Amino acid sequence: MTAPESTAAESGHAQPSAGGESAQPAASPTTTAAAPGPLSPDALSALQAALAAEQAAVWAYGLVAAYARDDAAMIADARSGHLLRRDATAARLVQGGAEAPQPAAAYQVSVNVKDVKSARQLAQDIEFDAASAWRSVIGSTDDAELRGFALTGLSDAAVRLAMWKQVAGVKPFTTPFPGLD
Amino acid sequence: MLAIAATVSGCSVFGGDDTAVPSIEPSAASPDPITGLIATTRLHVLRLNAAIAADKQQAALLTQLRDDRQAHLEALEAEHARLDPSAAGPSSSASPAALPAGEITVPDTPAAIIASVRGDAATAQVQFTDAISAASRYRAALYASIAACLASHRAVLA
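Rules of the game
- Residues numbered from 1 in each chain as written.
- Chains lettered and ligands numbered in written order.
- Predicted model: local features only at pLDDT ≥ 70, side-chain atom pairs only at ≥ 80, totals over all residues.
- Heavy atoms only, no water.
- Helix = DSSP H or I, 4+ residues; strand = E, 2+ residues; numbered from the N terminus.
- Buried < 20%, exposed > 50% of the residue type's maximum accessible area, 1.4 Å probe, protein only.
- Contact = heavy atoms within 4.5 Å.
- Areas by Shrake-Rupley, 256 points an atom, 1.4 Å probe, with all protein chains shown as cover.
- Axes fitted to C-alpha atoms, helices over the stretch in contact; angles between N-to-C directions.
- Parallel < 35°, antiparallel > 145°, perpendicular 65-115°, else oblique.
- Left-handed = near helix turned anticlockwise from the far one by under 90°.
- Nonpolar A, V, L, I, M, F, W, Y, C, P; charged D, E, K, R; others polar.
- Salt bridge = Lys/Arg side-chain N within 4 Å of Asp/Glu carboxyl O.
- Expected span 1.5 Å × (residues − 1).
- Polar contact = N/O pair within 3.5 Å; in protein donor to acceptor, adjacent residues only side chain to side chain.
- Core = buried A, V, L, I, M, F, W, Y, C linked by side-chain atoms within 4.5 Å.
- Buried area = accessible area lost by both parts, 1.4 Å probe.
- Phe/Tyr/Trp six-rings, centres within 6.5 Å; stacked < 30°, edge-to-face > 60°.

Draft legend 1. Seen up close, the overall build of chain B. When helices and strands are tallied, chain B shows five helices and zero strands. Listed by position from the N terminus, the elements making up chain B come as α-α-α-α-α. Buried positions account for 38% of the 158 residues belonging to chain B. Considering only contacts within chain B whose residues lie at least 6 apart along the sequence, 72% involve residues at least 24 apart. Only carbon and sulfur atoms are counted for the fraction: they give 61% of the accessible area of chain B, which is about 8,700 Å².

Draft legend 2. Here's a closer look at the overall build of chain A. Each helix and strand in chain A was counted, giving four helices and zero strands. By residue count, 43% of the 181 residues in chain A fall in the buried class. In the structure as shown, chain A presents an accessible area of about 9,100 Å², 55% of it carried by carbon and sulfur atoms.

Draft legend 3. Looking closely at the packing of helix 3 (residues 116-138) of chain A against helix 4 (residues 144-168) of chain A. Residue and element names in this part refer to chain A. Where helix 3 meets helix 4, the axes come as close as 8 Å, and the angle between the chain directions of the two elements is 160°. The orientation of helix 3 with respect to helix 4, classified from their angle, is roughly antiparallel. The handedness of the crossing between helix 3 and helix 4 comes out as left-handed. Class assignment for the residues of the contact of helix 3 with helix 4 results in 16 nonpolar, two polar and six charged.

Draft legend 4. Region of the structure containing the pattern of salt bridges. This structure, assessed with the given rule, holds 14 salt bridges over all chains. The partner of Asp143(A) in a salt bridge is Arg92(A), and the shortest N-O contact between them spans 3.6 Å. In this pair, Asp143(A) sits in the loop between helix 3 and helix 4 while Arg92(A) sits in helix 2 (residues 72-95), placing the two residues 51 residues apart along the sequence. Notably, a salt bridge pairs Arg47(B) with Asp120(B), separated by 2.5 Å at the nearest N-O pair. Here Arg47(B) is found in helix 2 (residues 34-54), whereas its partner Asp120(B) is found in helix 4 (residues 110-132), with 73 residues between them in sequence. A relative accessible area of 27% means that Arg47(B) is categorised as partly exposed. It is possible to trace a salt-bridge network through shared partners that takes in Asp42(A), Asp142(A), Arg147(A) and Arg137(B).

Draft legend 5. Summary view of helix 3 of chain A. All names here are of chain A. Across its 23 residues, helix 3 extends 33 Å between first and last C-alpha, which sits within 8% of the 33 Å expected from 1.5 Å per residue. Among the 23 residues of helix 3, 17 are classified as buried, and the element is accordingly described as predominantly covered. The backbone nitrogen of lysine 117 has a side-chain oxygen 3.4 Å away, supplied by the residue at the start of helix 3, namely aspartate 115.

Draft legend 6. Quick look at unusual backbone geometry. Cis geometry marks the peptide bond from Lys171(A) to Pro172(A), where omega comes out at -5°. In this structure, Pro172(A) sits in the segment after helix 4.

Draft legend 7. Main features of the nonpolar core. Ranked by internal contacts, the top residues of the largest apolar core, which has 43 residues, are Leu39(A), Leu47(A), Trp134(A), Val137(A), Leu76(B), Phe128(B) and Tyr143(B). Elements with a contribution of two residues or more to this core: helix 1 (41-67), helix 3 and helix 4 of chain A together with helix 2, helix 3 (59-83), helix 4 and helix 5 (137-157) of chain B. Take this core: its biggest share by element is eight residues, from helix 5 of chain B.

Draft legend 8. Spatial organisation of the interface of chain A and chain B. On the side of chain B, 28 residues touch chain A, which itself brings 25 residues to the contact. Summing the contributions of chain A and of chain B, the shared interface buries around 2,000 Å²; its carbon and sulfur component is 63%. Considering only the surface of chain A that becomes buried against chain B, Arg147(A), Thr174(A) and Phe177(A) emerge as the three largest contributors, covering 27% of it. If you look at where chain A meets chain B, you find two salt bridges. For the salt bridge of Arg137(B) with Asp142(A), the shortest nitrogen-to-oxygen distance reads 3.0 Å.

Draft legend 9. Looking closely at the packing of aromatic side chains. In this structure the tally under the stated criterion is four aromatic pairs over all chains. With centroids separated by 5.7 Å and ring planes inclined at 50°, the aromatic side chains of Trp59(A) and Tyr107(A) adopt a geometry described as tilted. Highlighted residues: Trp59(A) in helix 1 and Tyr107(A) in the loop between helix 2 and helix 3, separated in sequence by 48 residues. Judged by relative accessible area, Trp59(A) falls into the partly exposed class, the value being 29%. Accessibility expressed as a relative area gives 9% for Tyr107(A), which makes it buried. Ring geometry for Phe128(B) and Tyr143(B): centres 6.0 Å apart, planes at 70°, overall edge-to-face. With Phe128(B) in helix 4 and Tyr143(B) in helix 5, the pair connects residues that are 15 residues apart, well separated along the chain.

As C-alpha cells, then:
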C-alpha cells in the first residue's frame, strides 16, 4: 500500500501539564499513568509513520469489506481496532507537542482487489504494514511509555495478521518476528 | 509453649536475629538479562517438541509454533553473543533435533496439551514484555516482535 506524502510536522515539546497538586478524590486510583513526554525526532517520525499506517488501514478495510462479505465480523473488529488506534496515535502525537497529519482522501493498494482471495491478501498487507510501523516506533525511542503504546499496536497487528492467514489458509499462520519479516 | 521456647532460645518464630540467606541473590556482575529470556525460550522449545510428539492431530500447527520459537532462540543467542563473545560457541539450538528430549512431560489429553502450550506462550509474552522497557532500542524491538509473535500464538491456539 502506498501512502501519500505525509504532511511535514514540526518537532516540539509538550507543555507541562497543569495542576497535580490538588487533593485526590477518595475514589481515585492510588496510581495513575504518567503523562506522555515530548517526542524525540526519531520517535516523532516513526509515530507519524504509524499514524499514516493506521489511517491507511481504516481506509483499506473499507475496500476489503466490499469483497470479503463472509468476513464481515472480522473486518468490523479489525477496522474498529484501527480506528481506535488511529485516534489514540493522533492524540499521542499532539500530547508530545507534534502535529497529527490528516489522512489522505484515498490510497493506492498493492493488491488488485477483485474477489475474496485478493481482499484477504489486502487485509494481510494492511496488518503487515501496521506491524512494521509499530515495530519501528519501538526501535526509535527510549521512552518506556511509548514503547508500551507501540507494543499494543504491534501485537494487535500480529494477531490480526495470523487470523487473516488462518482464514485464507496461508501457512504458516504466524511469523516469528512480526513487523520484520 | 512455643512462646516459652522462643523466649528461652532468644528468637521469635516470626523473626529474630538469624538472617536467612537467600539462595538466589542479585549478582554483582550484573548478568545480561537476555539470559533469562533465552532459558525460557529454550524450555518452551523443548516443551513444544514434546507436545508435537504427543499430539499428532495438532502436530502441524504446533510445528509452526515450534519453528517460530526456534527462530526466537537463535536470534536471542545471536544477540547475546554479539555483545558477549564469550557466550558464543556451539549452540544447542542449531536445530530442533539437537535439543534433548530430556524429562519433559506433557498432559494426557490433546486439550490439556494445547492449554499447556498456550500457557507457555502467555508466560513468555509477559516475560518479553517486561524486558522491553529497560532494553536498548535494538533489543526492545526484538523483544517486542517476539512478544507480538507470542500473542499471535495464543490467538491461533484459542
